[in-house]
Amino acid sequence: MVKINDSKINDVKTVVLRQKIDEAEAMEIVQQKKTKPFKSLLSHPKKEQVHVHSLKLNHECILMISGKYVADYYRKATHTISVNYNIRDVVLAEGLFPIRSKSGFTKALSRKRGKNKIDLRLEEHVFVEEEDELVFDHHGHEIKFPFKINSKTVENYPKRILEKNQQNIKKPEITIDTAIEKLLSQLKKPVETDVRDITEEFVLREITEVYVPIFEARLIGPKKKVGIIRIDAVRSKIL
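Notes on the structure follow. Fair warning: this is a prediction, and the values are worked out from it, not measured in the lab.

One finds I65, F136, F202 and L204 to be the most contacted residues of the largest nonpolar core, which totals 19 residues. Every element with two or more residues in this core is listed here: strand 3 (51-83), strand 6 (116-136), helix 4 (176-187) and strand 8 (195-220). Not counting the four nearest positions on each side in its chain, L204 is found in contact with N5, D6, K8, I9, I65, S66, G67 and I180. Counting residues in hydrophobic clusters, the runner-up holds 15 residues, among them A26, I29, L219 and A233.

In structure tokens, the structure reads:
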């Protein structure tokens, strides 16, 4: 059983990324691309056939979690050494290790006083240390973090911004416990079966909720079909 040190589980860091476009600029992008959700091989509606029903700003959470897995155990192993032809066994501590037995064919080949082989059956004391970070999008899917976090890209008062826009905040759909399980599963490599005195520990490093400003436009097209355009307000990019 892995011991989990999750003393930082309640110490969640909050980051809000800074917008590069405002609502007017987002609307301009939407007006240019509003027919896109309704296009198909058989349908190419005109711009005047598509109406922008609403445009709102959401803050969607990306969950970042980092940690370290450490393990300490003993495992059985065999190390082979070469000794002179006239050595029959080796005494190591309280153990006696004979030379490896040879077949008749091997003996015939080794008449020129070749080396003998001795298999040392012993135990190795193994130390394992693995650390990494996982990033999950709003829906709980693993992603590569696409943004830079520095003084120029983040808001100075993140909680104030989220409180102001609290009705349009999309919290992560994955729980922190599940994220920890996924990170631990990635860090913990399969351990050999023939081991003893194993101790394992997972240390939670940091949890960060990164809120990304996303403009979401709801569109009404031909035959009252509904379409959605989402715009990353940090990179001015349609998602």
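This part covers helix 1 (residues 23-33). Since the α-helix advances by 3.6 residues per turn, residues separated by three or four positions end up pointing in the same direction. The complete set of buried residues in helix 1 reads A26, I29 and V30. Angular distribution of buried residues about the axis of helix 1 spans 100°; they occupy a single face of the element. Contacts made by the buried residues of helix 1 are with strand 3, strand 8, strand 9 (226-232) and strand 10 (237-238). For helix 1, the N-terminal cap is D22; the gap from its side-chain oxygen to the backbone nitrogen of A24 is 3.2 Å.

For D197, which is not a glycine, the phi torsion comes out positive at approximately 50°. A positive phi angle, near 55°, is found at S236, a position not held by glycine. You can see S236 is positioned in the loop between strand 9 and strand 10.

Rules used in this analysis
Residues numbered from 1 in each chain as written. Predicted model: local features only at pLDDT ≥ 70, side-chain atom pairs only at ≥ 80, totals over all residues. Heavy atoms only, no water. Core = buried A, V, L, I, M, F, W, Y, C linked by side-chain atoms within 4.5 Å. Buried < 20%, exposed > 50% of the residue type's maximum accessible area, 1.4 Å probe, protein only. Helix = DSSP H or I, 4+ residues; strand = E, 2+ residues; numbered from the N terminus. Contact = heavy atoms within 4.5 Å. Arc of directions from axis to C-beta. Polar contact = N/O pair within 3.5 Å; in protein donor to acceptor, adjacent residues only side chain to side chain.

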